[in-house]
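Structure assessment
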Amino acid sequence: MPLLDIRTQTELRTGEALVQHLSSFELRPHFTAGIWFFSPAASRFHAKYGPDLPIEIRLDIASSLKDYGLEGLEAHYPNEINEENLDLWKQFVHDTGIRLVTVIPLLFYDAQFEFGSLSNPDNAVRDGAIARTIRALKMARDLNCDFSVVWPGIDGYENPFGLNMAGLRQRFAEGLAEALDAAPGMRIAFEPKPYEPRGRILYSLTPEGVLLGQQVESMLRNTENRRLLADGHKLLCMNPEIGHLLMGFEDAAYALSWPLSEGRLAHTHWNSQPLGNYDQDLNVGLVSPEQMEAALYVLKMHGYNGYFGLDINPERMPVDVALKISMDALRAACDRINALDHARIVEAAESPATHRGFLEAYMVRVRAPQGTMLRPLEDATSTVTCELTR
């Protein structure tokens, strides 16, 4: 499959042009899901609440969700997809029409990666991580996937004393560049996370992911990759996860605007998360729905038409039920966003001094249940000017 063209994300619109775009571009979520959470995850605090499910059973569950809107799956190499079960995956895609959108190199779980994968100071371990990344990228290319997600969960530290931080980052970036040049024309979607399982993870916040993209692309030497870069395409893109953003106390809308402004938003991962805290992967919309709404509006402003990947951990409900809830939450939120009065929102945002309190009062009314008796918006935002006298 040709490299998806996401260059239009960079277009910066203001005024009437922005209003026209917001009024004509509809957010219509197309859903993917990670096959990893279809089977109960291990926890160091409690036993699994269900039996381990083989890939065959997980794919059966996924196929049952096609009519509900599931369009794609995401899988790690080599534990979830590999050379031995490749025919099974191909048959699933053929029979269901559900795509495999990414093959993810598993760089964080194996014991050999105890001290990092692509950043590991042991060349033998690092070479193994690079080789696995290359195999995942080539498999993704052969299967017509859109990208390979890379999450550096084990590349980081707990004790910062004495560490050559620049060296860690350099080794990691050079490893990604080597992998991209070995699979020209493929794209990596980098997923930052601030901590867990490491105390601190490399490139842990969204702007750091943008810097990583610029760093890696400057290292690429393959002729095809250089041609794509010269045409304005990005090859080290991003897959931000809402939960990870909130773990790092990022604002979701502001964070997403970074890769969007550079044409680097290849994919998104959705769930919900208390601010800070451990990585909970709750159902979409359960916590901080206002962060979800603001993030969706930024996506709409930039014309994002990529997938909405669901990355949840439904410990206490069936996975198909959790996925339906999360898809419904995003559909409903997109409908709310699409139906807003974009002209008044843009006017208030671009002329804040003359629209004090408008956005807050307007969103109160948008979120209010139908039939709630509130004063007209004009009453809520009018003010009395009092002349001060001595």
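Residues numbered from 1 in each chain as written. Predicted model: local features only at pLDDT ≥ 70, side-chain atom pairs only at ≥ 80, totals over all residues. Heavy atoms only, no water.

**Some remarks on the packing of helix α4 (residues 123-142) against helix α5 (residues 165-182)**
Inclusion rule: Lines are fitted to the C-alpha atoms to define the axes, a helix being fitted only along its stretch in contact, and any angle between axes, read from their N-to-C directions, falls within 0 to 180 degrees. Counting from the N terminus, the helices are DSSP H or I runs at least four residues long and the strands are E runs at least two residues long. In this scheme the handedness of a crossing depends on how the near helix is turned from the far one: anticlockwise by less than a right angle means left-handed, clockwise means right-handed. Working rule for contacts: check all heavy atoms of both residues, and any pair within 4.5 Å makes them a contact. Here the nonpolar group is Ala, Val, Leu, Ile, Met, Phe, Trp, Tyr, Cys and Pro; Asp, Glu, Lys and Arg are the charged ones; every other residue, Gly included, is treated as polar.
Contact geometry of α4 with α5 gives a least axis separation of 9 Å together with a crossing angle of 40 degrees. By crossing handedness, the relation of α4 to α5 is classed as right-handed. Counting all contacts with α4, which are made through Arg 126, Ile 130, Thr 133, Ile 134, Leu 137 and Lys 138, the residues of α5 involved are Arg 171, Glu 174, Gly 175, Glu 178, Ala 179, Leu 180 and Ala 182. For the contact of α4 with α5, a count of residues per class yields six nonpolar, two polar and five charged.

**What about helix α11 (residues 319-338)?**
Condition: Expected helix span is taken as 1.5 Å per residue step, with the number of steps being one fewer than the number of residues. Each residue gets one of three labels from its accessible area relative to the maximum for its type: buried under 20%, exposed over 50%, partly exposed in between, using a 1.4 Å probe on protein chains only. The directions from the helix axis to the C-beta atoms form the arc being described.
In a regular helix each residue adds 1.5 Å, so 20 residues correspond to 28 Å; α11 covers 28 Å between its end C-alpha atoms and thus fits that length. The complete set of buried residues in α11 reads Val 319, Ala 322, Leu 323, Ser 326, Met 327, Ala 329, Leu 330, Ala 333, Cys 334, Ile 337 and Asn 338. Taken around the axis of α11, the buried residues stretch over an arc of 160 degrees, which confines them to a single face.

**Regarding the layout of surface pockets**
Going by this rule: Here a cavity denotes grid points, spaced 1 Å and computed from the protein atoms alone, that fit a 1.4 Å probe unable to get out, and a pocket denotes an open set having protein on both sides within 12 Å along at least 5 of 7 lines; residues with an atom within 4 Å of a point are the lining. Grid points are joined across faces, edges and corners, and a volume is the space filled by probe spheres set on the points.
There is about 1,900 Å³ of room inside the largest pocket. Along the wall of the largest pocket there are 46 residues; nearest its centre are Ala 41, Ala 42, Asp 279, Asp 281 and Asn 313. The residue makeup of the lining of the largest pocket, split by class, is 22 nonpolar, 10 polar and 14 charged.

**Considering a nonpolar patch on the surface**
Let me state the cut-off plainly: Within this analysis, patches are made of residues with over 30% relative accessible area and no salt bridge. Like charges are joined at 9 Å or less; nonpolar side chains (Val, Leu, Ile, Met, Phe, Trp, Tyr) at 5 Å or less. The accessible surface values rely on the Shrake-Rupley method and a 1.4 Å probe; as for residues, cover is taken only from the protein chains in view. A pairing counts as a salt bridge when a side-chain nitrogen of Lys or Arg comes within 4 Å of a carboxyl oxygen of Asp or Glu.
Among the surface-exposed residues, Met 317, Val 321 and Ile 325 lie close enough to one another that they form a single nonpolar patch of about 210 Å² accessible area. Here Val 321 is to be found in helix α11. When its relative accessible area of 36% is taken as the criterion, Val 321 is described as partly exposed.

**So, the pattern of salt bridges**
With the rule as written, the count across this model stands at 21 salt bridges. With a closest N to O distance of 2.7 Å, Arg 198 and Glu 158 form a salt bridge. In this pair, Arg 198 sits in the loop between β6 (188-190) and β7 (200-201) while Glu 158 sits in the loop between β5 (156-157) and α5, placing the two residues 40 residues apart along the sequence. Overall, the relative accessible area of 12% leaves Arg 198 in the buried class. The partner of Arg 264 in a salt bridge is Glu 262, with the nearest N and O atoms 2.6 Å apart. The class for Arg 264 is buried, based on a relative accessible area of 1%. Connected through salt bridges with shared partners, the residues Glu 26, Arg 28 and Asp 335 form a single ionic network.

**Let's talk about empty space enclosed by the protein**
Applying the stated rule across the entire model yields one cavity of 30 Å³ or more. The computed volume of the largest cavity comes to approximately 50 Å³. As for the largest cavity, its lining consists of Ile 242, Leu 246, Trp 270, Asn 271, Ser 272, Gln 273, Val 284, Gly 285, Val 287, Ser 288, Gln 291 and Met 292. Of all the secondary structure elements, the ones that give two or more residues to the lining of the largest cavity are α8 (242-247) and α10 (289-301). Tallied by class, the residues present in the lining of the largest cavity amount to six nonpolar, six polar and no charged.

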